[in-house]
Each structure stands twice: as C-alpha cells, then as structure tokens.
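Reading the structure
Given next are the chains, with one letter for each unit.
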Amino acid sequence: MRATARHTALQALLQMEENEGYSNIVIDKALRSAGLDHRDGALAATIFYGVLEKRLPLDYALKSCLKDPKKKLDTSVWMLLRCGAYQILYLDRVPDSAAVNEAVEEAKTLKKGTYAGLVNGVLRNLVRRKSQIVFPEGDSLEALSLRYSLPKELIALWQRSYGKKLCGQLLEAFQQRPSLYIRVNTVKIRTDQLAKKLSDKGIALSELEFPLGAAIFEGEGSPAALPEFQEGLFHVQDLSAQLACQLLEVKPGQMVCDCCAAPGGKTFTLAQALENKGIIYSFDLYKGRVKLIEKGAQRLGLNCVQAEQRDGLKPYDGLPLMDAVLCDVPCSGYGVIRRKPEIRYKPVSSIKDLPKIQYGILENGASLVKPGGFLVYATCTLNPAENGEVAQRFLCSHPEFEPADFSLPGVARVVEEPAHTLTMLPFAGGSDGFFAARFRRKGDL
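For the structure given in this document, a descriptive report is provided here. Being a predicted model, the structure only gives us computed values, none of them experimental. (Residues numbered from 1 in each chain as written. Predicted model: local features only at pLDDT ≥ 70, side-chain atom pairs only at ≥ 80, totals over all residues. Heavy atoms only, no water.)

Some points on the nonpolar core
- In terms of nonpolar packing, the biggest core is built from 46 residues, with F48, V51, L62, L81, V119, L123 and L126 touching the most fellow members.
- Sort the elements by how many residues they give to this core and helix α5 (residues 75–90) lands first, with 9 residues.
- The next biggest cluster of nonpolar side chains, apart from the first, holds 40 residues, and it includes L274, V290, L326 and V411. (Core = buried A, V, L, I, M, F, W, Y, C linked by side-chain atoms within 4.5 Å. Buried < 20%, exposed > 50% of the residue type's maximum accessible area, 1.4 Å probe, protein only. Helix = DSSP H or I, 4+ residues; strand = E, 2+ residues; numbered from the N terminus.)

In structure tokens form, the structure reads like this:
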C-alpha cells in the first residue's frame, strides 16, 4: 500500500499505543520511512500530534456516536476513528467528506475490511452531530479534563498543589504552542554571527537578554537538518533547562559533573560556560545514551566533556571532588507535556516510587561536591512530591549543605516556596514547567 499522510499518522499512533515510545522520535522515524513530500508530511504530523493532544475530547465525541458506547473496539479501529474525528472536529482545512472517505479506505486494509462499515457509519454520524455534541461546562474536574484533554487526577494534583487559580493559568498555558529555543555554541560563534548565517535561509533568531547565548528559533523545518547544526554552531535546548544550568555559576577551568546527562543538552551548555577549559563529567546509566553524549560533544567541538556509563544510585568511585554538580533526575515529565503530549496520560499512581530514586541520585551526587561548591537538583515536572519535598528532605538530612538562595532575571516567582528553590512555569518567564533547588556545601573552595 502506498504510504499516505493519514496512513503514516495512524501507524505512528499505533506504535505509540503498543510500545510507549517518545512521540517526536516515533513520528520522525515514520515520516522518514514513508518518504512523504512536505505537504503530506506536515498533515501526517498534524494528525499525529492532534490525536495525542485531544484524545479525551475525541473519545467523548466518538462514544456519543456509537450505538453502544460501552462496546470495546479493536485498538487499530478505535485509533483510526480518532484520526478521522480529529480532522472533522479540529481541522477546518480538511473537508469532512475527505476525512470520512480516507478513513473508510484505510479501514478496508484492517481486519480484512470488516470494520469499514462501522467506520463509515460512526464518522458520518459525527459529521451530522458535531454541532450538537455538548461537552460539560463549568470548572468541575470532568469539564476541565475534557476542555484541556488532561486526566482528572493530574488536574486535581495541580489544584491541590498550586491552587485553582494558578492551575487554571497552567491549563491555559499548556494549550499554547511552545517556542523553540536554541543554545548558541559560544565556543565557536557569537549569537549575532549565527543569526546572520541563518537569516540568509529565512530563519530568524531572537536573542534573549538572559541567559547569554539563548535564542528563539523561528523558521520552517527541523533545526537538526541545517548545516549550521551539523557544524556544531548550536544545539536545541529549552529555556528552562538553560536557566537551570546558570545556577551552577560555572567558571572556566572548573571541574563539573552532570549526573543524569543524556542526551547531553545541559552538559553542552555547561561545557560552553567552561569555555572548553576544565572538565565536565557527563554520566548516564545506558551505554547507547553515553554514545549520544559523546557524539553531540564531538559535533560541538567540546573536548572538555568526559562521558561515562555510571549508575546515579551507586557510589562514584575514583572521581575527584567537583566545583559544581547537577542532578537533573528522571521524573514524571509533567512540565513538558506541550512538547511530549503523551506524557499527560501517564497515571499519577505510576510515579509514586520516583521520589525515592530521585533522592538517592541527589544524595549520591552530593558526595562529589567540594566545600564551597554548588549542588543543583532539577526536574522537568510539576509535582511537589518530586520537587520541593525531595529538596526539603535532603536539606534536613544533610547539615553539611546549606540553602543557596537565587533569583533568575525575567522569571517570576508565583509558587510560594523557599528562596533556594524555584518552580518555573510557562506563563511566568519559563518555557516548560521546571523545578530547581540549589544548595552549597559548607566551607570554602
């Protein structure tokens, strides 16, 4: 069968359903394999991400069009219905008739075509009834869940943690498309020089005042496909992650450790702050991910990076004490759902053991910090159990460390918390949702 935009989107969505891959990796691989032109590739990506982002209201609308809403359908058929429904409900540029007909043709290839009639009937019913479908109104958890396509338990967590007003702002912010931030490789080029190179390709860079070297990338296509990327003149990194790196106050010639480093973005930013003078130890649990760090450092010309395979929960034998240590730990990822929409459906109950792991990594990383050195604990999630509670537990159990208060230019403090911690939010100067806590080991460098 010839690959089409809709077939490619469906297969990528089924891959996500069956193997729980990362959305950006799954769709990029599917698009390369399908060999679609730019227009069809864009449609496939739009349907793929749209279905992931709008899954809950899509399911609600589809069930209202079934004779038996409780009937369980084959996974591939239900996903096909979601693809059709997304086009009918959210893509004005796609005629309803085209969405239905293409879905029916796709259905003929599934289960020997036995579901073609059902797909036709359900989607035509949706076309007829779409203006009459009533979603719950108000601020109940059910209404908010369907309005923002977020599980009720996650919204309830944010309401308990941050209050209903801030939660509402957060829900609205997560509906917006995030800017694409890059980190200019200041070891090789200045931001204004890179901006001039890219402007010739129709790409604009908007340089930020803080942190230096950060910029918003505005242009079509993947940044990684550009010659300037291959030449190591920049890497892609969200603003929040770049801000977290600033807290270590790294200086040329120092020794630094990034304990959970892959794929290497923060390592690269810290290496640039070192001006390639000194050493940054960059660790990850998996050999393949260590290779990714090494490959990225080589592309960027950062020869101060020493990547190694190490377990963040096991003693760091044979290493010197460090001027600065970053523990950007594995987390639930609820702060990055705009970029990885599949994360929003991760059950809150499934992450209950994470704080124990996170605390273990933080304690282990702390053993590397020399007197007077900084230790930063960071996550890309919005969950106090993984954030402030871990930081507070560490401080209470480690009198050899003290809180190191900080503020970040342009980032508002909207969550009530100690001055050595900060919850970054999309609507308050951050980009992704992010948390950072900074400690200093008592004594002098």
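Quick word on the pairing of strand β2 (residues 204–207)
- The pairing of β2 with strand β3 (residues 214–218) spans 4 bridges and is classified as antiparallel. Pairing of S206 across the sheet is with I216, part of β3.
- The antiparallel hairpin formed by β2 and β3 contains 6 residues in its connecting segment, where G213 sits at a positive phi of about 95°. (Pairing = 2+ DSSP bridges.)

Considering the pattern of salt bridges
- Taken as a whole and judged by the stated rule, the model has 17 salt bridges.
- Close ionic contact of D139 with R147 constitutes a salt bridge, the shortest N to O distance being 3.9 Å.
- The partly exposed category is assigned to R147, whose relative accessible area is 37%.
- Across the pair E308 and R310 runs a salt bridge, and its minimum N-O distance is 3.0 Å.
- Taken together, the shared-partner salt bridges connect D238, R339 and D432 into one network. (Salt bridge = Lys/Arg side-chain N within 4 Å of Asp/Glu carboxyl O.)

Considering helix α10 (residues 164–173)
- Inspection of α10 places L166, C167, L170, L171 and A173 among the buried residues, and these make up the whole buried set. Within α10, the buried residues cover an arc of 160° as seen down the axis, which keeps them to one side. Residues of α10 that are exposed and point over 90 degrees away from its buried face: K164 and K165.
- As for α10, its buried residues are in contact with α8 (141–148) and α9 (152–162). (Arc of directions from axis to C-beta. Contact = heavy atoms within 4.5 Å.)

Regarding unusual backbone geometry
- The peptide bond linking F210 to P211 adopts the cis configuration, its omega dihedral lying at -5°.
- Within the element layout of this structure, P211 appears in the loop between β2 and β3.
- In this structure, P263 follows A262 across a cis peptide bond, with omega equal to 5°.
- Structurally, P263 can be placed in the loop between β5 (255–258) and α14 (265–273).
- Notably, E249 is not glycine yet its phi reads approximately 50°, a positive angle.
- A residue is classified by how much of its surface remains accessible, and E249, at 38% relative accessible area, is partly exposed.
- Unusually for a residue other than glycine, N276 sits at a positive phi of about 65°.
- Mapped onto the secondary structure, N276 falls in the loop between α14 and β6 (279–284).

Remarks on the sheet that holds β3
- One open sheet holds the 4 strands; their spatial order is β2-β3-β1-β4, and the pairing between them is antiparallel. Each having just a single partner strand, β2 and β4 (234–236) make up the two edges of the open sheet. For this sheet the average axis-to-axis angle between neighbouring strands, irrespective of direction, equals 35°.
- The sheet contacts of helix α11 (residues 191–199) involve β1 (180–184), β2, β3 and β4, and relative to β2 the element is tilted by about 160°.
- On the sheet, α14 packs against β1 and β4 and is oriented at approximately 145° with respect to β4. (Axes fitted to C-alpha atoms, helices over the stretch in contact; angles between N-to-C directions.)

Quick notes on the packing of helix α2 (residues 23–34) against helix α3 (residues 38–53)
- Contact geometry of α2 with α3 gives a least axis separation of 11 Å together with a crossing angle of 150°. With respect to α3, the axis of α2 lies roughly antiparallel. For the pair α2 and α3, the crossing hand works out as right-handed. Seen from α2, the contacting residues are S23, N24, V26, I27 and L31; seen from α3, they are G41, A44, A45, F48, Y49 and L52.
- When grouped by side-chain class, the residues that make up the contact of α2 with α3 number 8 nonpolar, 3 polar and no charged. (Parallel < 35°, antiparallel > 145°, perpendicular 65-115°, else oblique. Left-handed = near helix turned anticlockwise from the far one by under 90°. Nonpolar A, V, L, I, M, F, W, Y, C, P; charged D, E, K, R; others polar.)

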